[in-house]
Amino acid sequence: MIWKPTLLISLATAVVIAALPAFAGETANSATAPACCTSHRAGEAQAVANLRRTLDPKQFTGQVRQAYQVAQDNPDLLAQLHCYCGCDRTNGHKNLLDCYRDHHGASCAICTGEALEAKKLFEQGASIETIRAALRARFAGQN
Ligand SMILES: [Zn+2]
């Protein structure tokens, strides 16, 4: 049997990929709060959850649904970003997350584009400053 170099390389890659999940498991953190603090913390967590509540992505379809999903999964990210659609003046929105607390985000291509772009950059490891600059460059002045 003749081994081709490319076959060897792909075999070696497969072995490395198969070994990866073993490392991922070691980083899991199982720290829990003492019993005396859990009820207090639950109350705080609920208050934060209410503040961050966005509409259910299942109400929507296509890119709008994806954008509402981004908002639901990444409220901390969107809360740090400005929306350039003009909703800060027309709707009193403070940040991009506000666009997804109501139906505003469903009818605005800028809001949708910003959320999807932010998520893409965030997954690429971009800093919040980089994401802000990218949204400003692409969406500022469109409305
Ligand atoms: Zn907006």
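For the structure, check the block above.
What you see is a predicted model; the values in this text were computed from it and never measured.

1. With respect to the overall build of the chain
Counting its secondary structure elements, the chain contains seven helices and zero strands. Tracing the chain from N to C terminus, the helices and strands come up as α-α-α-α-α-α-α. Here the analysis covers contacts within the chain between residues at least 6 apart in sequence; of these, 50% occur between residues at least 24 apart.

2. So, helix H7 (residues 128–139)
In this model H7 runs 16 Å from its N-terminal to its C-terminal C-alpha over twelve residues, within 8% of the 16 Å that 1.5 Å per residue would give. Directly beyond the C-terminal end of H7, a positive phi value near 80° is found at Gly141.

3. Some remarks on the nonpolar core
Core analysis: the biggest nonpolar cluster contains 21 residues, and Ala67, Ala71, Leu78, Cys83, Leu96, Cys111 and Ala115 have the highest contact counts within it. Breaking this core down by element, the ones donating at least two residues are helix H3 (62–73), helix H6 (109–123) and H7. The element contributing the most residues to this core is H3, with five residues. Ignoring sequence-local partners within four residues, the contact set of Ala115 consists of Ala67, Val70, Ala71, Leu78 and Leu96.

4. As for H6
Taking 1.5 Å per residue as the helical rise, H6 with its 15 residues ought to reach 21 Å, and the 21 Å between its terminal C-alpha atoms agrees with that figure. For H6, every residue scored as buried is listed here: Ile110, Cys111, Thr112, Glu114, Ala115, Ala118 and Lys119. Residues of H6 that are buried make contact with H3, helix H4 (75–78) and H7.

5. Things to note about the environment of Ala126
If you trace the backbone, Ala126 turns up in the loop between H6 and H7. Given 15 C-beta atoms within a 10 Å radius, Ala126 is considered partly exposed. When neighbours within four sequence positions are excluded, Ala126 is seen to be in contact with Leu121 and Ile131.

What counts and what doesn't
- Residues numbered from 1 in each chain as written.
- Predicted model: local features only at pLDDT ≥ 70, side-chain atom pairs only at ≥ 80, totals over all residues.
- Helix = DSSP H or I, 4+ residues; strand = E, 2+ residues; numbered from the N terminus.
- Contact = placed C-beta atoms within 7 Å.
- Expected span 1.5 Å × (residues − 1).
- Core = buried A, V, L, I, M, F, W, Y, C linked by C-beta atoms within 7 Å.
- Buried ≥ 20, exposed ≤ 12 C-beta atoms within 10 Å, placed from the backbone.

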